[in-house]
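Structural overview for review
Here is how the chains run, residue by residue.
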Amino acid sequence: MTEAILLVGGKGTRLRPLTVHTPKPMVRAAGVPFLTHQLARARAAGVDHIVLATSYLAEVFEPYFGDGSALGLHLEYVTEEEPLGTGGAIRNVASRLHSAPDDPVLIFNGDILTGLDIRALIRTHETTGADVSLHLTKVTDPRAYGLVPTDDTGRVTAFLEKPQTPEEIVTDQINAGAYVFRRSVIDTIPAGRPVSVERETFPDLLSAGAHLQGMVDSTYWLDLGTPAAFVRGSADLVLGRAPSPAVPGRCGDRLILPTARVAPDAKLTGGTVVGEGASVAEGARVYGSTILPGAVIEPGAIITDSLIGTRARVGERSVLTGTVIGDGAIIGADNELKEGARVWCDARIPAGAVRFSPDL
C-alpha cells in the first residue's frame, strides 16, 4: 500500500469564521494545520504517495507542505475548477495515481480525526477481495448520519440516508469517512461532473453487485465540522486521547508553542494550545481552548472551550465560553460571550458591550 487520495476541497462553511481566510484542513489543531496529523498518520501506516484533491483556497496547501519530503512523503496537488463532490474529486485526481488496476488506494476525508488502524483496513480489503472497503464506526445516536448495515461477514448490505423515525434505525454503524478502493473501481466514477461517493457511487456499486466490505473500528473518531468539535479535537490531541505523531511536543494538559508568552500565574488546562507569538497575560485562565498564533489574552480573561483566531485580542476580565473569535477581531474588556457565539474576522466589540449576567 503506497498511495492515497486526501479530499481537502470543502469550503468548511460550518466552521466560519475560522475558514474565511484558511481552508478547514489548514486550521491549526494542537499547534499544526490539522492536515499535518492526517499526513503523518498515513505515512506511519506505510503510505508514501498522496494526492491532495483541493478546491477552496487551494493556493495555500503547496506553499506550506511543498513536495512532502519533510514528512517523508511525495505529495501532489490537483485543483478542481468547479466543485465536484467527493466522488467527482476522487475521479478527478485518478490520473496522478501509479497503482495497477487491482492495487488498493486509500481515500480519506480531510475533516475527520480518527484513531483508525489504517493497516487493518487495508488488510481487511485484501483478505476479503473487496472492490471497496469502508471504515465504519458505531455512534450512540445515528440520526445525523447515513447508516451502513452489514451482514455477519462484514459485507455491506445497504446505504441508508439519515433515519427519520426509530423504525428506520436498523444499525448504529455509520460511514466514518475512510475507504480503500480497488484502483480500477475509481475509473468507473463518471468524470467531469459532480458525484457524491456516499449518495451515488456506493449505492450504484452495491446495486451492480460489487463487493463492498465494512470494517468496524470503534477507536477515537470525531467529525471536525463544527467549531465546538474542532476545539474538542485539538484538545484531545494535546491530551493524548486522539493519536497523532505530529503533535509538536509532549501530550499533557497544555501545549505552548515556541515564542508564545505565558505569564507565570496564568492557568492553562484541559488540552489548551497557545500558538507561536501569542501571549497569555497574568491572571488569565484558559481551559480546553486553542489560542492561534499572534493572539493576545489580556489579564484576568477567562476562556473555556473556545478558539481565538490569529492576531485576535481578548480584553481584560472578559469571559468566553464555547465561542469562536475570528482572525484579527478585538473583544474589549469586561465582555461575556457564551456558547455558540461567533465573532467575525476583524470585528470590534467595545468594552462591556455584551453581557449575559449583571456582574462578571
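The notes below deal with the structure included here. Keep in mind it's a predicted model, so treat the numbers as computed, not measured.

Along the chain, Lys24 turns up in the loop between β1 (3-7) and β2 (28-29). The buried category is assigned to Lys24, whose relative accessible area is 13%. The spacing of Lys24 and Leu57 is 33 residues in sequence and 9.6 Å in space, taken between C-alpha atoms. Aside from chain neighbours lying at most four places away, what touches Lys24 is Gly12, Leu15, Thr19, Asp111, Leu224 and Phe230.

Following the sequence through the fold, Ser289 ends up in the loop between β17 (285-287) and β18 (290-291). A relative accessible area of 1% places Ser289 in the buried class. Within the structure, the side chain of Ser289 is placed 2.9 Å from the backbone nitrogen of Ser306, a separation counted as a polar contact.

The next point concerns the pattern of salt bridges. Tallied over the entire structure, the rule returns 14 salt bridges. The partner of Asp172 in a salt bridge is Lys138, and the shortest N-O contact between them spans 3.3 Å. Placement of Asp172 in the loop between β8 (132-138) and β9 (173-182) and of Lys138 in strand β8 is noted, with a sequence separation of 34 residues between them. For Asp172, a relative accessible area of 32% puts it in the partly exposed group. Given the relative accessible area of 41%, Lys138 is considered partly exposed. The partner of Glu298 in a salt bridge is Arg313, with the nearest N and O atoms 2.8 Å apart. Residue Glu298 is found in the loop between β19 (296-297) and β20 (302-304), and its partner Arg313 is found in strand β22 (residues 313-314); the two are separated by 15 residues along the sequence. Among the charged side chains, a salt-bridge network with shared partners connects Asp102, Asp131 and Arg182.

On to empty space enclosed by the protein. Considering all chains together, one arrives at two cavities of 30 Å³ or more under this definition. As for the largest cavity, its lining consists of 17 residues, and the residues nearest its centre are Gln38, Arg41, Phe108, Ile112 and Thr114. Of all the elements in the fold, those that place two or more residues in the lining of the largest cavity are α1 (34-44), β6 (104-109), β7 (112-114) and β9. For the lining of the largest cavity, the element with the most residues is α1, which contributes four residues. Counted by class, the lining of the largest cavity contains ten nonpolar, six polar and one charged residues. Taken together, Arg28, Gly31, Leu257, Val273, Gly275, Glu276, Thr290, Ile291, Leu292 and Pro293 make up the lining of the second largest cavity.

Calculation rules
Residues numbered from 1 in each chain as written. Predicted model: local features only at pLDDT ≥ 70, side-chain atom pairs only at ≥ 80, totals over all residues. Heavy atoms only, no water. Helix = DSSP H or I, 4+ residues; strand = E, 2+ residues; numbered from the N terminus. Buried < 20%, exposed > 50% of the residue type's maximum accessible area, 1.4 Å probe, protein only. Contact = heavy atoms within 4.5 Å. Polar contact = N/O pair within 3.5 Å; in protein donor to acceptor, adjacent residues only side chain to side chain. Salt bridge = Lys/Arg side-chain N within 4 Å of Asp/Glu carboxyl O. 1 Å grid on protein atoms, 1.4 Å probe; cavity = no way out; pocket = protein on both sides within 12 Å on 5 of 7 lines; lining within 4 Å. Points joined across faces, edges and corners; volume = space filled by probe spheres on them. Nonpolar A, V, L, I, M, F, W, Y, C, P; charged D, E, K, R; others polar.

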